[in-house]
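Architecture and fold: a report
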Amino acid sequence: MMEEVSPIVADKANQTRARWFFCALSKRPLREPIVSCDLGKLYNKDAIIEFLLDRLAFGDGEEICGHIRSLKDVKTLVLTSNTAPKSDSPDSMADRGLFVCPLNFKEMTGPVPFVYLSTCGCVFSQAGLKAVSTSTPPSEKGKDKERDDNDKSGEGDVEGSSKGQLDVCPQCATKFNRTEDVRVLNPSPEEEERIRGMMERRRAAAAALNVKGKSKKRKATVVGPEGVEGDQPPVKKKSGTGSVSASSAPTIAAGASRAVASSLAIEEAKRKANMSEAVKSLYMPKGGKARKETFMTMGTFTR
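Per an unreviewed UniProt entry, the protein carries the name Rtf2 RING-finger-domain-containing protein and comes from Multifurca ochricompacta. One UniProt comment on the protein, placed under Sequence similarities (unreviewed entry), says "Belongs to the rtf2 family."

Here you go:
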């Protein structure tokens, strides 16, 4: 009679250790720089770069991190190394965390939940960050009341009206929102599904904003007489007396020069008409007959 083979059950402790000590993509030990995605998985940055250059470089890459499209989808983590004295026991060395929370010095090994801030990348234990936070996230009821008040007052579109009060990172003083900027590291499968839904909604909202911005740019184009789109022709600026084109500028300048010359000729004729006989004699010979001037006598007295 054949013996029944019991199904292989994965060691939960080893699974936890793999998630906190090894890269989720390359399965190599974690070493800085370490990055994390919106789902809270830990990766070596060089492995993510290799995956983005060749998405087939890892057999299960698309399954693990197919949601990562570029380096903008990951955040480089600011980790605090574990500087506690090392024990001589082999067991303690195996379970010793590489990094700790800078607030309460809890080791990042799995039993204690850890989070990071998407604004700056600083990593803390969840309890440590909660202890030093200066504000509490508003309840859903409070959010609804604040949204209704903003709609009534016409301030619903004001940036930050629905974000509530901002906290300050206790390590680098970068501002963050507790309801939107705190990411859980290595969450449970149920929590990961919830976070994935939130990530997809954020990306859909960002895509909608990009489409809206592109539609505004398209309004700057017009359809030509043959149905071909093109840029709008430049609008001529109008002065107070009407619009003036660039091609008519030389004609206007020539007309102005002629008007000035004519005015000067009229003024010269008036001056000569009012000139006395004594003054005229200075420019005429004594006999009264004008003589031809040369370049040596031009403009000189004739006495």
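Time to look at the overall build of the protein. Counting its regular elements, the protein contains nine helices and 14 strands. Restricting to contacts in the protein with at least 6 residues of sequence separation, those with at least 24 account for 47%. Within the structure as shown, the protein displays about 22,000 Å² of accessible surface, and the carbon and sulfur contribution to it stands at 57%.

We now examine the sheet that holds strand 6 (residues 114–117). If you trace the three strands from one edge of the open sheet to the other, you get 7-6-10, paired in antiparallel fashion. Where the open sheet ends on each side, the last strands, each with one partner, are strand 7 (123–125) and strand 10 (182–184). Ignoring strand direction, the axes of neighbouring strands in this sheet form an average angle of 35°. When strand 6 meets strand 7, the two strands line up antiparallel, connected through three bridges. Paired with Phe-114 across the bridge in strand 7 is Ser-125.

The next point concerns the nonpolar core. Leu-25, Tyr-43, Leu-77, Met-108, Val-123 and Leu-185 are the most contacted members of the largest nonpolar core, which totals 38 residues. Counting residues per element, the ones that place at least two in this core are helix 1 (12–21), strand 1 (34–37), strand 2 (42–44), helix 2 (45–53), helix 3 (61–65), strand 6, strand 7 and helix 7 (189–218). Among the elements that take part in this core, strand 6 stands out by supplying four residues, more than any other. Apart from the residues within four sequence positions on either side, Leu-25 is in contact with Tyr-43, Ala-47, Ile-48, Phe-51, Phe-58, Gly-61, Ile-64 and Cys-65.

With that settled, consider the sheet that holds strand 1. The three strands are arranged 2-1-3 in an open sheet whose pairing can be described as antiparallel. What marks the edges here is a single partner per strand, and that holds for strand 2 and strand 3 (74–76). If you compare each strand with its neighbour and ignore which way they point, the axes differ by 35° on average. Looking at chain direction, strand 1 and strand 2 are connected through three bridges and run antiparallel.

So, on to the environment of Gln-15. Secondary-structure assignment places Gln-15 in helix 1. Residues Gln-15 and Gly-110, spaced 95 residues apart in sequence, show a C-alpha to C-alpha distance of 10.0 Å.

Aromatic ring pairs are reported here in terms of the distance separating the ring centres and the angle at which the planes meet. Counting across every chain of the model gives one aromatic pair. Each ring, one from Trp-20 and one from Phe-114, has its centre 6.4 Å from the other, and the planes form 65°; the classification is edge-to-face. With a gap of 94 residues between them, Trp-20 in helix 1 and Phe-114 in strand 6 connect regions that are remote in the sequence. There is no split in this pair, since Trp-20 and Phe-114 are both buried.

This part takes up helix 2. Listing the buried residues of helix 2 in full gives Ala-47, Ile-48 and Phe-51. For helix 2, the buried positions fall inside an angular range of 100° around the axis, keeping them on one side. Where helix 2 is buried, its residues contact strand 1, strand 2 and helix 3.

For the rest of this paragraph, the subject is the pattern of salt bridges. Going through the model one piece at a time under the given rule, you end up with 11 salt bridges. In this structure, Arg-31 and Asp-46 form a salt bridge, with 2.9 Å as the shortest nitrogen-oxygen distance. Taken together, the positions of Arg-31 in the loop between helix 1 and strand 1 and Asp-46 in helix 2 put the pair 15 residues apart, joining distant regions of the chain. A relative accessible area of 43% means that Arg-31 is categorised as partly exposed. Relative accessible area serves as the criterion here: at 37%, Asp-46 is assigned to the partly exposed category.

With that out of the way, let us pick up the pairing of strand 6. Of the two faces of strand 6, the one holding Phe-114 and Tyr-116 and the one holding Val-115 and Leu-117 are both buried throughout. As consecutive antiparallel partners, strand 6 and strand 7 are separated by five residues, and within that stretch Gly-121 has a phi angle of approximately 90°, a positive value. Where strand 6 lies against strand 10, three bridges are found, and the strand directions are antiparallel. What sits directly across from Tyr-116, in strand 10, is Arg-183.

Here the residue pair Glu-32 and Pro-33 is connected by a cis peptide bond, since its omega of 5° sits within 30 degrees of zero. On the secondary structure map, Pro-33 appears in the loop between helix 1 and strand 1. One non-glycine residue, Lys-27, lies in positive phi territory at about 65°. On the basis of relative accessibility, which here comes to 46%, the residue Lys-27 falls in the partly exposed class. With phi around 70°, Ala-173 is a residue other than glycine that occupies positive phi space. In this structure, Ala-173 sits in the loop between strand 8 (167–168) and strand 9 (175–176).

Rules of the game
- Residues numbered from 1 in each chain as written.
- Predicted model: local features only at pLDDT ≥ 70, side-chain atom pairs only at ≥ 80, totals over all residues.
- Heavy atoms only, no water.
- UniProt positions renumbered as here; feature names shortened; annotations may be inferred.
- Helix = DSSP H or I, 4+ residues; strand = E, 2+ residues; numbered from the N terminus.
- Contact = heavy atoms within 4.5 Å.
- Areas by Shrake-Rupley, 256 points an atom, 1.4 Å probe, with all protein chains shown as cover.
- Pairing = 2+ DSSP bridges.
- Axes fitted to C-alpha atoms, helices over the stretch in contact; angles between N-to-C directions.
- Core = buried A, V, L, I, M, F, W, Y, C linked by side-chain atoms within 4.5 Å.
- Buried < 20%, exposed > 50% of the residue type's maximum accessible area, 1.4 Å probe, protein only.
- Phe/Tyr/Trp six-rings, centres within 6.5 Å; stacked < 30°, edge-to-face > 60°.
- Arc of directions from axis to C-beta.
- Salt bridge = Lys/Arg side-chain N within 4 Å of Asp/Glu carboxyl O.

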